[in-house]
Each structure stands twice: as C-alpha cells, then as structure tokens.
Amino acid sequence: MSMNEHTEAIRVDGVSRRYGATRALDEVGLTLERGITGLLGPNGAGKTTLLSILATVNEPDAGRVSVFGLDPCDGAERVEIRRRLGYLPQELGYHRHFTVAAFLDYVAILKEITDRRRRAEEVARVLAAIGLERYARKRIRALSGGMRQRLGIAQALLGNPDLLVLDEPTAGLDPEQRLRFRELLSDLPRDPVILLSTHQADDIAAICPNVIVLLEGQVRFAGSPSGLAAAAGGQVWSADDRDHRAHLSWRGGDGRWRHVGDRPPAGAALVAPTVEDGYLMLSHAAGVR
Amino acid sequence: MTATDGGLALGGAGAADPAGGAGGSRVTARSRALPLRMVLALAKAEAWLLVRSMLVLAGLVAGGLLIWLLLHPVQPLWWNAAWEIGAGQFAVAIAVLVAAQLAAGRADRDGMVDLYASFPATAGNRTIAHLTGLAGAVPASLLLLGAAAAVVDLRGAIGTPSSAVLAGGLLLVIAAGAAGIAIGRRFPHPMAGLIGALALFLSSTLFQGGSIWLLPWEIKHDDLSELPGPLAGYPPAGAHAAELASIAVLGGVVALLVTVNRGRARVGLATACILAVAVIGLAGAAQLRPIPTTELNHLMAEVADPASAQRCTTADQVRYCLYPGFGRDLPSLEAPVNGVLAHLPARPDQLLTIRQFVPIDFTQPALIDPTLTHGHPKRQIDQWYAQLQKAPFANAAASAIYLPVGQWPAAGAPLADAHFALALGAAEWAVHLPPTTSSRSGFQSCVAVDQAREAIAIWLAILATHPPAGQLQDGLHSPRSSHAIQATWVRNTLIPIWVYPRARYLASSGPPITAAGYMLAKGMTNLPEQKVARVLKGNWGRWVNWRTTDAQLAAALGIPTPSLRAVLRTLHPRGAGPTAPPPSNEQSPLCTT
C-alpha cells in the first residue's frame with residue numbers, strides 16, 4: 001500500500017460478509033478518495049453489500065472500514081459518518097402519499113437540517129438540480145418510475161454530503177436523464193467522494209475517473225476506465241463473419257462483427273477496446289457468466 | 001492507484017482532505033448528545049401529519065357524533081357530561097391509534113429501512129419524535145372537548161365541569177397514540193393498527209361490572225346522569241387520569257424498547273416500564289375501591305327522603321320540589337302546568353306536588369346499580385334497599401307527579417314532548433284520575449275505561465301545549481309497528497290503549513289512557529274552545545266523576561261518540577278472533593275513584 005494516509009477518504013481492509021452459506025464479500029480491500037468511482041460487477045457480485053457497509057447500514061463480519069477516519073462500528077462515530085453521507089439504496093420505496101417537496105423536507109430533517117429556512121432552500125436546490133421543481137407539490141404515487149429515481153437521487157444530495165453512495169442511480173432513467181445525471185455529478189460542490197454502482201459501462205467511461213470491478217465478492221480491478229479497457233487490449237477485433245473462437249461476438253450497425261476473445265486470429269483487424277470489453281475479459285477470466 | 005492488503009487503493013491528484021480538515025478520529029459532542037433540534041423538527045413534522053390526517057378527522061367527527069348520542073337524550077349535568085365527553089374521545093383515540101401505528105411503521109412498510117438506517121437520526125430518536133409528535137392529536141382532542149363543552153354549556157348544563165375528568169379524555173387520546181406507536185414500531189403492517197383499535201374497542205364493550213374501573217375508556221356512566229349531584233370522588237378522576245397517563249408512558253417506553261439497543265438505555269426503559277405498570281395497577285386499585293359508605297348513605301338519604309335535600313316552591317296551588325342546582329328547570333316546568341290551570345273550570349282541593357326523584361331501581365336489592373354499590377357487603381345493600389322503600393315515589397299519591405332526575409330535556413322536540421307529558425299529568429290530577437300505585441311486585445295501574453274525565457284531561461293537555469296532531473295520532477300505534485296497537489285487559493275486555501311518548505320524562509303519574517279517550521279528546525279539539533269550556537264549567541263535578549261516560553260527554557258537546565271500529569280491526573285482524581282473557585289477577589283494574 002502506497003496510499004498517503006492523509007488523502008484517503010475511505011479505507012476498506014479485508015472486509016468479508018456472508019449471508020448464510022453465501023459469501024457476498026470476500027476480504028475486500030480498497031481505498032477511495034474524493035471524486036467519482038464507478039463500481040462494476042454482475043448481479044450477486046456483492047456490490048450492494050459493499051455499498052450498504054459503506055453507508056453504515058450493514059456491518060461486515062470481518063475486516064475494518066474507515067470513513068473519513070471514523071469507525072462505523074462505533075455508535076457515535078457512525079452517527080458522524082451518517083451526517084456526511086448521502087445514500088441511494090438499490091431498491092428504494094417511497095412514502096407515496098407524501099408530496100415530492102414534503103418527502104424531501106422530511107428526509108432533510110432526518111439528515112439533521114433543522115433550520116426551516118435552510119431546509120426549504122436545500123429542498124429547492126436539489127429539486128432544481130434534478131429538474132423536479134414543477135413536481136414539488138405532486139404526490140410521489142403520481143410520479144413515473146424515472147421521476148422517482150430522480151427523487152431518490154435528490155434525497156441523497158440533500159445537505160451536500162461528503163460521501164455519496166449511489167446504488168444503480170441510473171436505473172430507470174431515460175437517455176437524456178442519464179446525461180443530465182452525469183452533468184449533475186460533475187457539478188457537485190465540495191468535490192465529494194462518490195461511489196456509484198452501475199451496469200452501464202458507458203456511464204463509468206463518461207464520468208468516473210476511477211473504476212472498481214467486483215466479481216464474486218472480490219475486487220478484481222481498481223483503476224481508471226482506460227486501464228480497465230486496456231485489460232482487453234489486443235483482444236478485440238472486427239471481421240465480416242462470426243468467429244466462434246471469441247468469448248462474445250455481435251454484429252454492429254455497420255454489418256461487421258465485433259469479437260472479444262483471448263486469441264484473435266492472425267492478421268485480425270484489431271479495434272480499440274472499451275470499458276465494456278475490459279470488464280468482459282475480466283469476468284471471463286474469473287469464470288463469471 | 002495501488003493495491004492495499006487484499007485489495008486495491010485509488011489515488012488521484014488533488015484529493016482534498018477527506019475529513020474536511022477535521023481529522024479522522026474526532027467525534028463532536030453533538031454526536032453523543034440527543035439531537036434535540038432534529039427530534040423536535042421531526043416531531044413537528046409528524047404532528048403536522050397527524051393534524052392533517054383524514055383518519056383523525058374521521059375520528060373527530062365520530063367522536064362528536066358519539067358525544068351527541070350520549071348526551072342528546074339526557075339533561076346536561078356536568079357530573080355526567082364531563083365523563084361522556086371523555087368517552088366520546090374514545091373515537092378520536094381509536095383513530096389516533098391507527099394513524100400513529102401507520103406513521104411509526106411507515107419506513108418499514110414503504111421499503112425504506114435501508115435509507116432510514118443511513119440517516120443520523122437513529123431509530124430511537126425517531127421513536128421519540130413520533131411520541132412527541134402525538135401533540136398533533138391534541139388539537140383534535142381539544143377541539144372536540146371544547147365544542148362538546150360549549151354545546152353542553154349552551155344547553156344549560158347543571159353543575160360545574162371537572163377539569164380532571166375532561167383531561168382524562170385528552171390523556172386517553174395520547175395513551176392510544178403511544179400504544180399505536182408501540183405497535184407500529186414492532187408490527188408495521190396496517191392490519192396491526194386495526195387489530196389494536198379493534199382490541200381497544202372490544203375491551204371497552206366486553207368488560208362489565210367491577211372491571212370497568214380498570215378500563216379507562218369504559219363508557220357506562222349511565223348512573224351518573226340519574227344522580228342529583230356529583231358524588232365526591234366518584235368516579236375517581238385523579239386515579240383515572242394517572243392510569244391513562246401511565247398507559248401513555250408505558251406505550252412510549254415499549255415503543256422505545258423496540259428501537260433502542262444500548263444496554264444502559266434499555267435498563268432505564270425497563271425500569272420506567274415497571275414503574276408505569278405499578279402506577280397503572282395502583283390507579284386501577286384506587287378506582288376499584290368502593291364508593292365510601294358515608295357518600296352512599298348520603299345519597300340514599302336524599303333518595304329516600306328527598307324533602308331533606310330538595311328545595312320547594314309553591315305557586316298557584318302547585319308545589320315544585322327540585323334538588324339544588326335544578327332550579328333553572330322551574331320555568332320550563334311551570335309553563336305546561338300553568339297552561340292546564342289556565343283552562344281548568346275548577347281546581348281540586350288538593351295541592352299538586354311536582355317532585356324530582358332519583359330513578360334508582362329499588363324494586364329488588366339485586367337490581368341496585370352495581371357500579372354504585374360495588375364492593376359493599378350484601379347486608380349494607382339490603383339496608384339501603386329497605387331505606388329506599390320509604391321513598392315517596394314508592395308510595396305514589398294522587399297529588400304528586402314525579403320527574404326522574406336528569407331526564408328533563410333542554411330544548412327542541414324532546415322538550416315539547418316533556419311539556420305535553422307534564423301537562424297531561426297535571427290534567428289527570430285536575431280531573432281526579434288516580435295515580436299509578438306501586439307494590440313490591442311492581443307498578444299497578446287502573447284504566448279509566450269509558451270515563452269522560454280521561455278525554456277532558458287529554459283535551460286540557462292539548463290546549464296547554466299544542467302538540468303536533470300527527471304525533472298525537474301516533475300514540476294509537478305500538479312503537480314496534482305502525483299497524484299494531486297496544487291493548488290491556490280490563491274486566492275480560494281487551495281495551496285499546498293510546499300511548500304518548502312520555503315515559504322518558506315522567507315517572508308514571510296516571511293510568512294508561514284508552515284509545516277511546518284519545519279519540520273523544522281529538523273530537524273535542526275540533527270544537528271551539530269556548531263551547532267545550534262552557535259545557536265543562538256548567539257541571540264540572542259531574543264530568544270528573546268516574547261514572548260519567550264518553551257518550552254522555554259527547555252528547556253534551558253535540559258530537560258523535562268516536563268509533564273505535566278501525567282501531568279494533570287492527571286489534572283483531574280478519575280471521576283472528578279475540579284471544580281468551582287472562583285470569584282476573586293479571587288484568588288491569590278499572591279506575592273507580
């Protein structure tokens with residue numbers, strides 16, 4: 001470990017978590033700093049468990065976690081972490097009979113924003129940030145799925161948290177909303193630590209300077225998106241016909257086949273790998289399908 | 001980026017101080033203290049939600065209706081009304097229980113447990129906020145209390161309201177809310193609140209007798225509405241309030257026990273729980289104590305010898321004897337009586353006494369209200385029973401009309417009914433109809449069959465109070481069916497009876513009235529008043545003699561004797577012949593004095 005102790009915001013050391021016979025996390029270790037980190041992994045890889053531990057909702061069976069130097073296992077320090085946290089769980093229900101503004105106001109209180117005027121400003125700010133101002137007085141049950149997801153993001157942004165833990169925040173968003181979400185994260189003040197899990201590799205390529213790949217409860221990659229793409233370097237090629245030696249092939253819009261595999265044929269037309277290609281090679285190497 | 005032990009590290013240029021310059025291990029004093037401002041802000045939000053709850057609004061409306069139903073039929077007496085207002089809060093309490101349960105279980109039910117767990121507001125703090133937020137139920141409770149108290153006061157309530165008793169209703173609402181939160185914290189499903197409300201409702205209706213003291217929401221305070229004044233310390237409002245407050249505390253403590261995990265806090269809560277249960281037990285025991293013998297002795301003496309307690313006023317040959325505090329009823333009593341006197345050709349020699357009485361059932365010792373005599377030995381109850389046999393009402397006199405305490409209506413149609421009933425009683429006295437007599441086996445009434453004085457009495461009462469004709473006509477029908485009529489056997493003849501709805505307002509002061517008497521009186525009202533008065537005045541002594549028949553009066557007035565054929569057809573439908581008369585000792589006697 002060569003990390004400077006003074007610059008690391010979050011440190012996870014040998015964290016394991018089991019659910020019965022299932023090992024969700026297996027001695028995970030990583031550090032996070034300010035900026036956006038994408039968390040990639042297939043379903044059941046342990047992403048949600050890791051995020052819930054960082055959000056102080058779950059506790060590890062083994063290992064240590066430090067968030068801004070605070071120990072989430074200590075009651076008082078856990079509260080201090082929560083004061084600096086914004087969390088969007090993967091499956092968030094809503095108080096559907098609340099209006100959008102009332103819901104955000106209620107969450108703001110739970111986040112200890114007790115001054116009424118400040119709370120109103122904060123609610124207005126996050127509503128503007130996610131483009132839901134017009135729906136402030138609408139009941140949540142009247143919102144579409146995408147709007148609810150934006151509301152979930154809005155509640156996480158309340159109080160300008162230092163740590164944003166977002167579990168699949170772009171699920172249910174249409175293409176324009178996804179782009180606006182990228183803009184939103186890019187514009188956040190105070191440069192918080194953002195950890196977001198997603199299945200959208202292009203989101204990660206677009207906005208995350210850092211990416212972690214979690215496979216079967218273990219960190220298989222941590223680095224930049226270009227580094228992850230590079231993991232597939234020389235293993236992506238295109239051809240007029242399908243090549244059955246490839247791990248995965250698909251025909252592009254131009255009618256040519258794009259192949260990802262260990263052994264491109266001699267003289268194959270290699271193409272620049274993407275984050276998706278790198279992720280695919282990692283998961284194939286780990287035996288994950 | 002470099003790997004840490006067993007993992008990887010992310011690095012990057014320009015990373016800011018992760019702890020915001022605060023240093024990693026520091027925990028502010030704020031972290032350890034109860035975040036009071038957050039709790040208060042959350043409590044305010046919860047209170048506001050409760051204020052705007054449709055459930056609570058529905059409870060408020062139901063509570064208003066309940067109080068109206070409980071108080072509308074009886075005279076407003078503060079020593080009874082305050083309890084009934086508290087009982088009306090039962091509807092609000094049920095609504096608040098359900099609303100509080102829904103609020104407390106909201107996060108679990110809406111799938112927001114993980115999100116809530118990430119907030120600095122701990123589950124314990126949120127529970128405290130929910131409990132504090134029960135303040136939102138207070139306006140509804142106070143609104144109901146204030147409105148009901150204002151209505152009771154406007155109706156001319158007798159006595160003064162007890163703030164301890166009225167506060168009990170508010171405490172009941174708070175206690176139910178705390179119970180709802182305790183349920184909601186453990187069982188978030190909406191059915192749990194409904195089951196809790198159902199349990200509360202059933203507990204208030206299933207348990208009777210001595211156990212009413214342990215149930216603060218017990219609404220059977222009927223006996224209070226029949227007492228001539230408050231009984232000191234009955235029911236014990238202080239113990240009642242302490243019990244309700246302790247139930248509220250117990251609900252809150254249980255709710256916190258569900259959500260607080262810290263060892264020391266749990267020990268404190270468990271101690272509070274034990275203390276609350278102890279106070280509930282002590283308060284329950286205090287309420288279960290019998291009413292002091294001296295208090296009951298005093299009450300029995302007032303009932304057996306009302307003259308010792310009542311104040312009497314004599315005007316126009318009529319003596320009104322009322323318990324202290326009921327003097328404001330006097331003008332309302334005088335009006336119908338004076339109306340009869342004004343149309344009377346001649347007054348009887350005897351003074352008419354109109355007297356209040358306490359309608360405690362004294363016909364059998366076992367029927368003495370168990371809520372009054374609860375906990376007293378049988379010997380003592382027998383003694384009171386013997387004492388009550390001396391009550392004037394038990395030995396009815398021709399010159400007395402008895403008014404049950406608490407039954408005189410304040411206004412509206414019931415007051416009109418009561419006025420007619422009292423006028424009829426006075427008219428019966430005026431025409432020398434004998435009173436209902438009582439015996440150990442109950443009341444025995446003679447029937448003035450074919451006696452002109454009966455029709456004269458009805459005519460006088462109609463002239464004095466002008467009741468609606470339709471209502472008078474309704475007296476021919478049985479209250480159970482608009483087609484059947486009531487009848488009684490007199491000397492082996494089935495006599496149709498006319499019943500005006502007076503029983504609620506007067507103890508029986510005269511004999512049952514025959515349908516024939518009413519029909520004749522109805523015919524008399526069709527004649528000019530002066531003509532009837534002239535006929536009656538001409539030979540008053542004859543008309544009030546029991547031997548003078550309806551036919552003689554009709555002939556003197558120049559009207560036909562009313563036909564009872566239609567009435568009798570109802571009594572004996574086609575194909576069904578008259579039934580055999582019962583033995584003579586089961587038949588009503590003929591009035592012959």
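All of these numbers come straight from a predicted model, not from anything done at the bench.

Draft legend 1. Representation of the overall build of chain B within the structure. Counting its secondary structure elements, chain B contains 24 helices and 10 strands. Here chain B holds 593 residues, and the buried ones make up 50% of them. Sequence separation of at least 24 residues holds for 78% of the intrachain contacts in chain B that already meet a minimum separation of 6. Of the roughly 25,900 Å² of accessible surface on chain B, 62% is carried by carbon and sulfur atoms.

Draft legend 2. Region of the structure containing the confidence of the model for chain B. Residue and element names in this part refer to chain B. Per-residue pLDDT for chain B has a mean of 81; in total, 80% of the residues score no lower than 70. Within the model, the stretch residues 437-442 combines pLDDT values under 50 with 10 contacts to residues more than four positions away or in other chains. Among the scores for the predicted complex, ipTM is 0.92 and pTM is 0.81.

Draft legend 3. Spotlight on the packing of aromatic side chains. Residue and element names in this part refer to chain B. Scanning all chains against the criterion turns up 7 aromatic pairs over all chains. A connected cluster of aromatic rings, assembled from ring pairs, spans Phe420, Trp498 and Tyr518. Positioned above the aromatic ring of Trp543, the side-chain terminus of Arg542 is 4.7 Å from the ring centre.

Draft legend 4. Local environment of the pairing of strand β8 (residues 210-215) of chain A. Residues and elements named next belong to chain A. Most of β8 sits out of view: 6 of its 6 residues are buried. Burial of the side chains of β8 extends over both faces: Asn210, Ile212 and Leu214 are buried on one face and Val211, Val213 and Leu215 on the other. Relative to β8, strand β3 (residues 35-40) is paired through 4 bridges, and the arrangement is parallel. Counterpart to Leu40 in the pairing with β8 is Val213. In this structure, β8 lies alongside strand β9 (residues 218-223), joined through 5 bridges in antiparallel fashion.

Draft legend 5. Just the pattern of salt bridges, in detail. Residue and element names in this part refer to chain A. This structure, assessed with the given rule, holds 21 salt bridges over all chains. The shortest N-O distance in the salt bridge between Asp202 and Arg182 comes to 4.0 Å. Placement of Asp202 in helix α7 (residues 201-207) and of Arg182 in helix α6 (residues 175-186) is noted, with a sequence separation of 20 residues between them. Several salt bridges share partner residues, and in doing so they unite Arg178, Arg182, Asp202 and Asp203 into one network.

Draft legend 6. Structural view of helix α16 (residues 378-388) of chain B. Residues and elements named next belong to chain B. The complete set of buried residues in α16 reads Gln380, Ile381, Trp384, Tyr385 and Leu388. Projected down its long axis, α16 carries its buried residues within an arc of 145°, all on one side. Turned more than 90 degrees away from the buried face of α16, the exposed residues are Arg379 and Gln383.

Draft legend 7. Region of interest: the state of the cysteines. All names here are of chain B. On inspection of all chains with the given rule, the structure shows 2 disulfides over all chains. A disulfide bridge connects Cys312 with Cys321, and the sulfur atoms are separated by 2.1 Å. Taking the torsion about the S-S bond as the criterion, the Cys312 to Cys321 disulfide, at about 115°, is right-handed. Residue Cys312 is classed as partly exposed on the basis of its relative accessible area, which comes to 35%. A relative accessible area of 0% means that Cys321 is categorised as buried. Residue Cys446 pairs covalently with Cys591 via a disulfide, S to S 2.0 Å. The disulfide joining Cys446 to Cys591 has a torsion of about 90° about its S-S bond and is therefore right-handed. Of this pair, Cys446 sits in the loop between β7 (442-444) and α18 (452-465) while Cys591 sits in the segment after α24 (565-571); the two residues are 145 residues apart in sequence, bridging distant segments of the chain.

Draft legend 8. Structural view of the environment of B:Gly268. Along the chain, the position of B:Gly268 falls in helix α12 (residues 263-288). According to the relative accessible area criterion, B:Gly268 is partly exposed, its value standing at 39%.

Draft legend 9. Here's a closer look at the packing of helix α14 (residues 330-342) of chain B against helix α17 (residues 412-430) of chain B. All names here are of chain B. Two elements in contact, α14 and α17, have axes whose closest approach is 8 Å; the angle formed by their N-to-C orientations is 45°. In this view, α14 runs oblique relative to α17, as classed from their interaxial angle. Regarding α14 and α17, the two cross each other, and that crossing is right-handed. Listed contacts from α17 to Ser332, Leu333, Pro336, Val337, Val340 and Leu341 of α14 are Leu415, His419, Leu422, Ala423, Ala426, Ala427 and Trp429. Residues that form the contact of α14 with α17 fall into these classes: 11 nonpolar, 2 polar and no charged.

Draft legend 10. A look at the sheet that holds strand β7 (residues 193-197) of chain A. Residue and element names in this part refer to chain A. Ordered in space as β5-β6-β7-β3-β8-β9, the 6 strands form an open sheet in which the pairing is mixed. Both outer strands of the open sheet, β5 (85-88) and β9, are each paired with one neighbouring strand and no more. On average, each strand axis in the sheet is inclined to that of its neighbour by 15°, with strand direction left out of account. Contacts between α6 and the sheet are confined to β3, β6 (163-167) and β7, with β7 contributing the most and set at about 155° to the helix. Helix-sheet contacts for helix α9 (residues 275-285) involve β3, β8 and β9, and the interaxial angle to β8 is about 30°.

Draft legend 11. Just α12(B), in detail. Between its first and last C-alpha, α12(B) extends 37 Å over 26 residues, near the 38 Å set by a 1.5 Å rise per residue. Residues of α12(B) that are buried make contact with α11 (237-259) of chain B.

Draft legend 12. Focus on the sheet that holds strand β10 (residues 513-514) of chain B. Residues and elements named next belong to chain B. Spatial strand order, β8-β9-β10: 3 strands in an open sheet with antiparallel pairing. The sheet is open, and its two edges are formed by β8 (486-490) and β10, each paired on a single side. Pairing analysis gives 2 bridges linking strand β9 (residues 493-498) to β10, with the strands arranged antiparallel. The residue of β10 that forms the bridge with Trp498 is Ile513.

Draft legend 13. Up close: unusual backbone geometry. Positive phi is not limited to glycine here, since A:Glu27 has a value of about 50°. For A:Glu27, a relative accessible area of 51% translates into the label exposed. Backbone geometry places B:Asp450, a non-glycine residue, at a positive phi of 55°. Along the chain, B:Asp450 falls in the loop between β7 and α18.

Draft legend 14. Region of the structure containing the environment of A:Arg125. All names here are of chain A. Mapped onto the fold, Arg125 is located in helix α4 (residues 116-130). For the pair Arg125 and Trp237, spaced 112 residues apart in the sequence, the C-alpha separation amounts to 47 Å. Excluding anything up to four places from it in sequence, Arg125 contacts Leu157, Gly159 and Asn160. Within the structure, Arg125 has its side chain in polar contact with the side chain of Asn160 (distance 3.2 Å).

Draft legend 15. Representation of the pairing of β8(B). Residues and elements named next belong to chain B. Note: β8 against β9, 5 bridges, orientation antiparallel. Across the sheet, Gln486 pairs through a bridge with Ile497, a residue of β9. Adjacent in sequence and paired antiparallel, β8 and β9 are bridged by 2 residues, among which Arg491 carries a positive phi angle near 50°.

Draft legend 16. Focus on the packing of helix α3 (residues 54-71) of chain B against helix α8 (residues 138-154) of chain B. Residues and elements named next belong to chain B. At a closest axis distance of 10 Å, the pairing of α3 and α8 adopts a crossing angle of 25°. On the basis of their axis angle, the class for α3 and α8 is roughly parallel. Two packed elements cross with a definite hand, and for α3 against α8 that hand is right-handed. Taking contact as the criterion, the partners of Val56, Leu60, Gly63, Gly64, Ile67 and Leu71 in α3 are, on α8, Ala140, Leu143, Leu144, Ala148 and Val152.

The rules behind these values
Note that residues are indexed from 1 along each chain, following the sequence as it is written. Working convention: letters from A go to chains and numbers from 1 go to ligands, in the order in which they are written. With pLDDT at 70 or above as the cut-off, local features in this predicted model cover only qualifying residues; side-chain atom pairs require 80 or more to be listed or tallied, and sums for whole chains, interfaces and linings still use all residues. Note: side-chain values were computed over all heavy atoms of the structure, leaving out hydrogens and water. Strands are runs of DSSP state E lasting at least two residues, helices are runs of H or I lasting at least four, and both sets are numbered from the N terminus onward. Relative accessibility under 20% of the residue-type maximum defines a buried residue, over 50% an exposed one, and the middle range a partly exposed one, all with a 1.4 Å probe and only protein chains included. Between two residues, a contact is recorded if the distance between any of their heavy atoms is within 4.5 Å. The accessible surface values rely on the Shrake-Rupley method and a 1.4 Å probe; as for residues, cover is taken only from the protein chains in view. The pLDDT score gives, residue by residue, the confidence of the prediction method on a 0 to 100 scale. Each Phe, Tyr or Trp ring (for Trp, its six-membered ring) is paired with any other whose centre lies within 6.5 Å, and the angle between the two planes then decides the class: stacked below 30 degrees, edge-to-face above 60, tilted in between. We call a charge positioned over a ring when the NZ of a Lys or the CZ of an Arg lies within 6 Å of the ring centre and within 35 degrees of the ring normal. A pair of strands is treated as paired once DSSP finds two or more bridges between them. Salt bridges are identified by distance alone: a Lys or Arg side-chain nitrogen within 4 Å of an Asp or Glu carboxyl oxygen. Working definition: the arc comes from the directions between the helix axis and the C-beta atoms, pointing outward to the latter. Criterion for a disulfide: a pair of cysteine sulfur atoms at a distance within 2.5 Å. Only the stretch in contact is used when fitting a helix axis, every axis being a line fitted to C-alpha atoms; angles between N-to-C directions are given from 0 to 180 degrees. Note on angle classes: values under 35 degrees are labelled roughly parallel, values over 145 roughly antiparallel, values of 65 to 115 roughly perpendicular, and the remainder oblique. Each crossing gets its hand from how the near helix is turned against the far one by less than a right angle, where anticlockwise is left-handed and clockwise is right-handed. Residues are grouped as follows: Ala, Val, Leu, Ile, Met, Phe, Trp, Tyr, Cys and Pro are nonpolar; Asp, Glu, Lys and Arg are charged; every other residue, Gly included, is polar. A helix is expected to span 1.5 Å multiplied by its residue count minus one. Pairs of N or O atoms within 3.5 Å make up the polar contacts considered here, provided that, within protein, one atom can donate a hydrogen while the other can accept it, and that residues adjacent in sequence are counted only when both atoms are side-chain atoms.

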